[in-house]
Amino acid sequence: MEYKILGDYHTHTIYSSGFRKEGIHATGTIEENAQVAINKGLSTLVISDHGPGHYFYGFRKENILEARKEIDRLNEIYIPKGLKILLGIEANLVSVDGILDVDEDFIKHIDILLMGYHYGATPKSIKDGYNLYILNFASKLMSFTEEKTIEIYTKAYLKALDNYSIDIITHPGSKAKIDIVEVAKKCAKLGTALEISSKHSELSVESLMRIKDLDIDINYYINSDAHIPEDVGNLENGIMKAKIAGIDFNKIKNIQETR
Ligand SMILES: [Zn+2]
Ligand SMILES: [Zn+2]
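Fair warning: this is a prediction, and the values are worked out from it, not measured in the lab. (Residues numbered from 1 in each chain as written. Chains lettered and ligands numbered in written order. Predicted model: local features only at pLDDT ≥ 70, side-chain atom pairs only at ≥ 80, totals over all residues. Heavy atoms only, no water.)

(A) Summary view of the nonpolar core. In this structure, Ile 85, Leu 100, Leu 113, Ile 166, Ile 169, Leu 194 and Tyr 220 are the most contacted members of the largest nonpolar core, which totals 60 residues. The element that contributes the greatest number of residues to this core is helix α2 (residues 64–78), accounting for five residues. Among all residues touching Leu 100, those that are not within four sequence positions of it are Ala 91, Asn 92, Leu 93, Val 94, Leu 113, Met 115, Ala 160, Tyr 164 and Ile 166. Tyr 9, Val 46, Leu 114 and Ile 168 belong to the second-largest nonpolar core, a separate cluster that totals eight residues. (Core = buried A, V, L, I, M, F, W, Y, C linked by side-chain atoms within 4.5 Å. Buried < 20%, exposed > 50% of the residue type's maximum accessible area, 1.4 Å probe, protein only. Helix = DSSP H or I, 4+ residues; strand = E, 2+ residues; numbered from the N terminus. Contact = heavy atoms within 4.5 Å.)

Below is the structure:
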């Protein structure tokens, strides 16, 4: 099968550096990501830095107008060359009630809303011993704990889907296990796409096959989740997972089968 990669809908820049100045969590500028995108022949590039709720890696709210202006400026140069840049955000799911770390005031400036679950910023002052104690405690109750956590996170995802108009859920099931069947059914109903990450394990081949068995009409994006410009458009891993799982490539919105 031959295919063309139309776009990369999940890339990070130096704006994913939280309270620090720049380039620690992700190294590229918006323009550096755009350069790689155009060199690889992509027609869409989404800049989706971490939501502002993450102290270490989050986008700083006060930078939103600057990022918007920069993307609008770059689009004047790059659209005539065939590349459109969209301003997105990879918002964090921050409560069991499905609340994200972006409000209407923030969302009105962006073109596309991605949502993912990430571990909160862990203050460095918390000692390893403390974490080990928690983990140890949890492991003693493992079967109960895991079941309960899946239930809590799944509900949080479903509520977030009700609360916001989310375009793509990033790496669903990575970092916190969820009931992918329930989330996929809801996404199909709402028109929210699921991400097949080239960087994270989920969606895995197994998860993709479970969704395929549901016979629902759901869309996917295969994304790089690039944190360095060179990774923009590197979708091989995700494409391989989709192929093994036998996903209909017509349902992958940023890939076009050419033969
Ligand atoms: Zn993420
Ligand atoms: Zn990401």
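(B) Highlighting helix α7 (residues 205–214). Within the sequence span of α7, burial applies to Ser 207, Leu 208 and Ile 211. Along the axis of α7, the buried positions cluster into a sector of 100 degrees, meaning they face one direction only. Along α7, the residues that are exposed and aim more than 90 degrees away from the buried face are Glu 206 and Asp 213. Turning to α7, the residues buried within the fold contact α6 (180–190), β7 (193–197), β8 (220–223) and α8 (236–245). Asp 215 lies just past α7 and shows a positive phi near 60 degrees. (Arc of directions from axis to C-beta.)

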